[in-house]
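Listed below, chain by chain, are the residues.
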Amino acid sequence: MTQRAPASARTAGRPRSREADTAILTAALDLLIELGAAQTSIEQVARRAGVTRATVYRRFAGKTALLVEALEWANHDHDPGFTGWRDLGHMFADWAAHLAEPRNRRLLRRVNALVDDYPELIGTYRRLNGGRRAAVVRETLERAAGRGELPGGLDLGVVQEMLTGAVLNHLGSHPDDEGPDEIKAYFLAVVKQIGHRPAVTDGGRRI
């Protein structure tokens, strides 16, 4: 996978070290997951990245700016070729694979705890995950409704909000060692309650 250069490495001015940028952003993301935003400091990031504090401050105005870019960098680095899902089963399998990774679960919990103290960070996360990806979720729901897999008359915006709530509920109430199959089954059980009827495959099995 070709790694996207961090924004700090693309700004005008003298050339930056891509290795230093990557080390700093990796360290910031790791510390956010391990300690949370409040306990993460520029000094800790510099020490973890193997650079000086001055090197970090030459690239970022402060901790919030650094963590904002770390979230943006992580989002772009994850599956940059993503184009959407075939159907709800495919979508839930993808969500389940992501949520089966304890690191991803910890990051999601850390980010969702930022709403009061670091609104800029939670705003960045919501923008990254509530733009194009949210539109693709809506498209997947619309195709499912068009195929008759969901009952007519459903408010798909409410269904999408319900699924977002289901993700948050899973993060808070299910163990981190659940496997992808269990997590996918959880999402299928949720949409079953609103009348989801999976499509029949060519082999006659429902997905």
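Residues numbered from 1 in each chain as written. Predicted model: local features only at pLDDT ≥ 70, side-chain atom pairs only at ≥ 80, totals over all residues. Heavy atoms only, no water.

Participant: An account of the side chain of Arg105 is requested, with residue identities and associated values reported.
Facilitator: Residue position: Arg105 is located in helix 6 (residues 102–112). Exposure remark for Arg105: the relative accessible area of 0% places this residue in the buried category. Not counting the four nearest positions on each side in its chain, Arg105 is found in contact with Leu99, His170, Leu171, His174, Pro175, Asp176 and Ile183. (Helix = DSSP H or I, 4+ residues; strand = E, 2+ residues; numbered from the N terminus. Buried < 20%, exposed > 50% of the residue type's maximum accessible area, 1.4 Å probe, protein only. Contact = heavy atoms within 4.5 Å.)

Participant: Could you give an account of the pattern of salt bridges, with specific residues and numbers?
Facilitator: Here the structure, examined in full by the defined rule, presents 8 salt bridges. As a salt-bridge pair, Asp21 and Arg59 come within 3.2 Å of each other at their nearest N and O atoms. One end of the pair, Asp21, is in helix 1 (residues 18–35); the other, Arg59, is in helix 3 (residues 53–59), and 38 residues separate them in sequence. Taking the shortest distance from any N to any O, the salt bridge between Arg109 and Asp176 comes out at 2.8 Å. Here Asp176 lies in the loop between helix 9 (156–173) and helix 10 (180–192) and Arg109 lies in helix 6, a separation of 67 residues in the sequence. Salt bridges sharing partners connect three or more residues here, namely Arg105, Arg109 and Asp176. (Salt bridge = Lys/Arg side-chain N within 4 Å of Asp/Glu carboxyl O.)

Participant: Outline the packing of helix 5 (residues 88–99) against helix 10, listing residues and values.
Facilitator: At their nearest, the axes of helix 5 and helix 10 sit 8 Å apart, and the two run at 135° to each other. One finds that helix 5 runs oblique with respect to helix 10. The hand of the helix 5/helix 10 crossing is right-handed. For the pair helix 5 and helix 10, the contacting residues are Gly89, Phe92, Ala93, Trp95, Ala96, Ala97 and Leu99 in the first and Pro180, Ile183, Lys184, Phe187, Leu188 and Val191 in the second. (Axes fitted to C-alpha atoms, helices over the stretch in contact; angles between N-to-C directions. Parallel < 35°, antiparallel > 145°, perpendicular 65-115°, else oblique. Left-handed = near helix turned anticlockwise from the far one by under 90°.)

Participant: Kindly report on helix 6, identifying the contributing residues and their values.
Facilitator: Every buried residue of helix 6 is listed here: Asn104, Arg105, Leu107, Leu108 and Val111. Around the axis of helix 6, the buried residues are gathered within 165° of arc, so they sit on the same side. (Arc of directions from axis to C-beta.)

Participant: Before we move on, could you go through helix 10 and cite the residues and values that matter?
Facilitator: The first and last C-alpha atoms of helix 10 sit 18 Å apart over 13 residues, in line with the 18 Å expected at 1.5 Å per residue. Restricting attention to buried positions, one finds in helix 10 the residues Ile183, Tyr186, Phe187, Val190 and Val191. Relative to the axis of helix 10, the buried residues are bounded by an arc of 130° and lie together on one face. Away from its buried face, by an angle of more than 90 degrees, helix 10 presents the exposed residues Asp181 and Lys192. On its buried face, helix 10 sits against helix 5, helix 6 and helix 9. (Expected span 1.5 Å × (residues − 1).)

Participant: Any details on the side chain of Thr55? Residues and values, ideally.
Facilitator: Topologically, Thr55 is positioned in helix 3. Residue Thr55 is classed as buried on the basis of its relative accessible area, which comes to 12%. One polar contact links Thr55 to Arg58, side chain to side chain, over a distance of 3.3 Å. (Polar contact = N/O pair within 3.5 Å; in protein donor to acceptor, adjacent residues only side chain to side chain.)

Participant: An account of the environment of Val111 is needed here, citing residue identities and associated values.
Facilitator: Assignment of secondary structure puts Val111 in helix 6. With a relative accessible area of 0%, Val111 lands in the buried category. For the pair Val111 and Ile33, spaced 78 residues apart in sequence, the C-alpha separation works out to 8.7 Å. Not counting residues up to four positions away in its chain, the partners in contact with Val111 are Leu71, Ile122 and Tyr125.

Participant: Please provide a residue-by-residue account of the confidence of the model for the protein, values included.
Facilitator: In this model, the protein carries an average pLDDT of 85, and 84% of its residues clear a pLDDT of 70 or more. Across the protein, element-level confidence peaks in helix 10 with a mean pLDDT of 98 and bottoms out in helix 7 (residues 119–130) with 74. Within the model, pLDDT remains below 50 along residues 1–5, and this stretch shows 12 contacts once partners closer than five positions in the same chain are excluded. Per-residue pLDDT stays below 50 along residues 9–15; that stretch engages in 6 contacts with residues further than four places along the chain or on separate chains. (pLDDT = per-residue confidence, 0-100.)

Participant: Which residues make up the packing of aromatic side chains, and what are the values?
Facilitator: One pass over the full model with this rule turns up 5 aromatic pairs. Ring geometry for Tyr186 against Phe187: centres 5.1 Å apart, planes inclined by 65°, an arrangement best described as edge-to-face. When sorted by exposure, Tyr186 lands in the same class as Phe187, which is buried. (Phe/Tyr/Trp six-rings, centres within 6.5 Å; stacked < 30°, edge-to-face > 60°.)

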